[in-house]
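# Chain and residue survey
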Amino acid sequence: GAVVSQHPSRVICKSGTSVKIECRSLDFQATTMFWYRQFPKQSLMLMATSNEGSKATYEQGVEKDKFLINHASLTLSTLTVTSAHPEDSSFYICSARLAGGLQETQYFGPGTRLLVL
Amino acid sequence: LAKTTQPISMDSYEGQEVNITCSHNNIATNDYITWYQQFPSQGPRFIIQGYKTKVTNEVASLFIPADRKSSTLSLPRVSLSDTAVYYCLVVNDYKLSFGAGTTVTVRA
């Protein structure tokens, strides 16, 4: 149980184009999902918190107009990198919050490797 | 968010037990301690979570002393496939803050 998928697993695009990444919780409902970015040999950095049915909350320094997040259902959140540039090349990972009882756990997707040429 | 401190790297050999200690001096009363494992180019995988004393599952054990200012992840009889980065996190208000993690390298 608690499986999170991401699509696509990797994408190569030209500079200036937009790229959409999907994050799905396959066997549970997630009112909250998270988007992270990870550069080579670095740790994960939280970009934004995606709440179902409401606007996402962005971390300081993350441009909300560049990284559009939509959480239209309890099992799907999308991240759109608009007008992508080479410096946006990174590993993007989503997680979904599984809430219940006294413990809360986040389960992560497999990640999406973005390369902007 | 409570800050965590863990060793940057650890080396081990197949079949040995690996213990990674994490310090979290500012842990709050309602915080849980969670460990994740990450292989290159993959998302982190949940290993174990605990609040106090000892928690054990099929993968690892987590030891938490009474003051909860540290915790130790124990990986029994590691294999080459356990080579990965291990992150210790203190879960506060469901926002996770990842530190640098501990790179565990298992050698034959």
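Sequence order sets the numbering: in each chain, residues are counted from 1 along the sequence as written. Chain labels run from A onward and ligand labels from 1 onward, assigned in the order the entries are written. Totals for whole chains, interfaces and linings use every residue, but because this is a predicted model, local features are given only for residues with pLDDT of at least 70 and side-chain atom pairs only at 80 or more, for both listing and counting. Side-chain metrics rest on all non-hydrogen atoms present in the structure, leaving aside hydrogens and water.

Let us now look at the pairing of strand β3 (residues 32-38) of chain B. All names here are of chain B. Where burial is concerned, most of β3 is hidden: seven out of the seven residues are buried. Both faces of β3 are covered, namely the face carrying Tyr32, Thr34, Tyr36 and Gln38 and the face carrying Ile33, Trp35 and Gln37. Should DSSP find at least two bridges between two strands, the strands are taken to pair. By definition, any uninterrupted DSSP run of H or I lasting at least four residues is a helix, any uninterrupted run of E lasting at least two residues is a strand, and each is numbered from the N terminus. Across seven bridges, β3 lies against strand β8 (residues 84-91) in antiparallel orientation. Bridge pairing in β8 places tyrosine 32 opposite valine 91. Across five bridges, the pairing between β3 and strand β4 (residues 45-50) is antiparallel. Looking at β4, one finds that glutamine 37 is bridged to arginine 45. Between β3 and β4, which pair antiparallel and follow one another directly, the connecting turn spans six residues, one of which, serine 41, has a positive phi of 60 degrees. Relative accessibility thresholds used throughout: buried, under 20% of the residue-type maximum; exposed, over 50%; partly exposed, between the two (1.4 Å probe, protein chains only).

Turning our attention to the nonpolar core. To form a nonpolar core, buried Ala, Val, Leu, Ile, Met, Phe, Trp, Tyr and Cys residues must be joined to one another through side-chain atoms within 4.5 Å. Counting residues in hydrophobic clusters, the biggest one holds 26 residues, and the most contacted among them are A:Val4, A:Trp35, A:Phe67, A:Leu79, A:Tyr92 and A:Leu114. Elements represented by at least two residues in this core include exactly β2 (10-13), β3 (19-25), β4 (32-38), β5 (45-51), β7 (67-73), β8 (76-81), β9 (90-100) and β11 (112-116) of chain A. In this structure, B:Cys22, B:Leu62, B:Tyr86 and B:Val106 belong to the second largest nonpolar core, which totals 20 residues.

The disulfide criterion is simple: two cysteine sulfur atoms within 2.5 Å. Summed over all chains, the structure comprises two disulfides over all chains. In this model B:Cys22 forms its disulfide with B:Cys88; the gap between the sulfur atoms is 2.2 Å. Residues B:Cys22 and B:Cys88 share a disulfide whose torsion about the S-S bond is about -80 degrees; that sign makes it left-handed. With a gap of 66 residues between them, B:Cys22 in strand β2 (residues 18-23) and B:Cys88 in strand β8 connect regions that are remote in the sequence. Exposure class is identical for B:Cys22 and B:Cys88. Each is buried. Here A:Cys13 stays free of any disulfide, with the sulfur of A:Cys94 as its closest cysteine sulfur at 18 Å.

Next up on the list: the layout of surface pockets. Gaps between atoms show up when a probe of the same size as a water molecule is rolled over them. As defined here, a cavity is a set of points on a 1 Å grid over the protein atoms alone where a 1.4 Å probe fits but cannot get out. A pocket is an open set with protein on both sides within 12 Å along at least five of seven lines, and residues line them when an atom is within 4 Å of a point. Grid points are joined across faces, edges and corners, and a volume is the space filled by probe spheres set on the points. Here the largest pocket defines a volume of roughly 460 Å³. In this structure, the largest pocket is lined by 18 residues; those nearest its centre are A:Gln38, A:Lys41, A:Gln42, B:Pro40 and B:Val85. Tallying contributions element by element places β8(B) first for the lining of the largest pocket, with three residues. Following the grouping adopted for this structure description, the nonpolar residues are Ala, Val, Leu, Ile, Met, Phe, Trp, Tyr, Cys and Pro, the charged ones are Asp, Glu, Lys and Arg, and the polar ones are all others, Gly among them. In the lining of the largest pocket, the residues fall into nine nonpolar, seven polar and two charged.

Bringing the environment of B:Ser41 into the picture now. Note that B:Ser41 resides in the loop between β3 and β4. Remark: the alpha-carbon pair of B:Ser41 and B:Cys88, spanning 47 residues in sequence, is separated by 19 Å. The term polar contact refers here to a pair of N or O atoms within 3.5 Å; inside protein, the definition further demands a hydrogen-donor-capable atom paired with an acceptor-capable atom, and it admits residues adjacent in sequence only when both atoms are side-chain atoms. Within polar-contact distance, the side chain of B:Ser41 engages the side chain of A:Arg113 at 3.0 Å.

Taken by themselves, the reported measurements are silent on function.
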